[in-house]
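# Chains, contacts and geometry: an overview
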Amino acid sequence: MASRSKLVRVLFQTSVRLSTPLRSYCSAPGQHSIIFRPRRALLFVAGNDERKICKIPTLDADCVVMDCEDAVAPSKKDEARKTVTRMLDEVDFGRTECAVRINSVDSGLADDDLLAILQAKNLPSAIVLPKVESVEEMQTFAANLNTAVAEIEVNPTFDLFAILESAKGLMNLQPILQEIVSLSDMSPFRLAALAFGSEDFAADIGASRTSEATELLYARQMVVLAAKAFGLQAIDYASVDFKDTESLKRQAEEGARFGFTGKVAIHPLQVPIIQQAFSPSPERVVWARGLIQAFQQHQQEGKGVFMYEGRMIDKPILLQAQNMVQSEAVEK
Ligand SMILES: CC(=O)SCCNC(=O)CCNC(=O)[C@H](O)C(C)(C)COP(=O)(O)OP(=O)(O)OC[C@H]1O[C@@H](n2cnc3c(N)ncnc32)[C@H](O)[C@@H]1OP(=O)(O)O
Ligand SMILES: O=CC(=O)O
Ligand SMILES: [Mg+2]
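- As recorded in an unreviewed UniProt entry, the protein goes by Citramalyl-CoA lyase, mitochondrial and comes from Branchiostoma lanceolatum.
- Word for word, the UniProt comment on the protein under Subunit (unreviewed entry) is "Homotrimer."
- Quoted straight from UniProt, the Subcellular location (unreviewed entry) entry for the protein says "Mitochondrion".

## Some details on the coordination of the magnesium ion (ligand 3)
- Distances from the magnesium ion (ligand 3) to its protein donors, Glu165 (OE) and Asp200 (OD), fall within 2.0 to 2.1 Å. Of this pair, Glu165 sits in the loop between strand S7 (158-164) and helix H6 (167-171) while Asp200 sits in helix H8 (residues 198-205); the two residues are 35 residues apart in sequence, bridging distant segments of the chain.

## Some points on the site of ligand 1
- Within the structure, ligand 1 sits among 17 residues, and Phe44, Arg51, Lys55, Ile266 and His267 are positioned closest to it.
- A distance of 2.6 Å separates an oxygen atom of ligand 1 from a polar side-chain atom of Arg51.
- A distance of 2.7 Å separates a nitrogen atom of ligand 1 from a polar backbone atom of Ile266.
- Coverage of ligand 1 by the protein amounts to 64% of the 940 Å² it exposes when considered alone.
- At 4 residues, strand S2 (residues 41-46) tops the list of elements feeding residues into the shell around ligand 1.
- Of the residues in the shell around ligand 1, the class split is 10 nonpolar, 1 polar and 6 charged.

Reading the values: rules and limits
- Residues numbered from 1 in each chain as written.
- Chains lettered and ligands numbered in written order.
- Predicted model: local features only at pLDDT ≥ 70, side-chain atom pairs only at ≥ 80, totals over all residues.
- Heavy atoms only, no water.
- UniProt positions renumbered as here; feature names shortened; annotations may be inferred.
- Donors = N, O, S within 2.8 Å, 3.2 Å for Na, K, Ca; no water.
- Helix = DSSP H or I, 4+ residues; strand = E, 2+ residues; numbered from the N terminus.
- Near = heavy atom within 4 Å.
- Polar contact = N/O pair within 3.5 Å; in protein donor to acceptor, adjacent residues only side chain to side chain.
- Areas by Shrake-Rupley, 256 points an atom, 1.4 Å probe, with all protein chains shown as cover.
- Nonpolar A, V, L, I, M, F, W, Y, C, P; charged D, E, K, R; others polar.

This is how it looks when you write it as structure tokens:
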């Protein structure tokens, strides 16, 4: 674990380095950390699988996550780092945002991942950190990222997606999030999303996975609640049975109803199904717009509650309708 004094030293070194903008982000330069990005499908791909990475621009995913962690065998970690770094520079990902999942802090591999990836000229806009479990490892991550950034000539800022996938991580969630927010004041990252890692979580608590996912219910809702409390996007689990597209549709629609803003995809077949599930349907948007208008009329008449298309409407339902209209607007 990095001591506070080491962290402060590294932060100081970072703050005095050159800031010539020689590099760029691999998607949407200039939009980083300012504009809300829809991240409905986050398509994972093994970092050492060049053939699959080269297919990404044809798949119309909101976000690709090139993986250096569990999709990569221990003997291929170095190959994955080199391939990801090269792909960042060689592939035009078009509208698809680029993220990289590094190994967990606990693995001892995260430093080398960061140092390698930061050699790319087109840096990823987001870093995905798996198996987040403690305040101390977030301090180590921040110190390591600051050290790695100090080696390059630009001042990037990364969106951070933290994956919660253990009982310990979920039980420590609030202090972890508070620490990340305070570290991000002095570090080149901004926490943007929480993701739920169902497969590691099931292994951690000794659960058996089912298509209905009732064994994940409490943990998923904890992730959504924490994400909303901290103003973050919430990314639901990977449905690994990728040929079962009917179940995927049901699972993705359920995630959207729970308040998740997106979902992990592992196969191209899943991308359109997930993106559709996390987009409000045109009929719902028309319904929401009508409701908002009716609400305003009733407010002018001094009525807080009224009936609209057979349902009782009051302020919280107005807020839900406003969410729907807003999410349609950002996805355009
Ligand atoms: C629990 C977790 O940690 S989830 C996150 C980590 N897991 C991952 O990253 C896994 C990502 N997914 C994959 O690697 C693959 O989809 C697999 C291994 C599951 C199946 O791969 P394949 O056997 O090649 O599947 P399939 O033959 O159906 O693929 C159809 C086409 O889509 C491509 N494809 C498959 N998955 C992906 C992907 N994730 N990204 C881009 N292209 C892909 C294949 O290359 C193939 O095209 P090709 O014939 O031109 O090569
Ligand atoms: O990392 C993802 C998971 O499900 O585990
Ligand atoms: Mg995992």
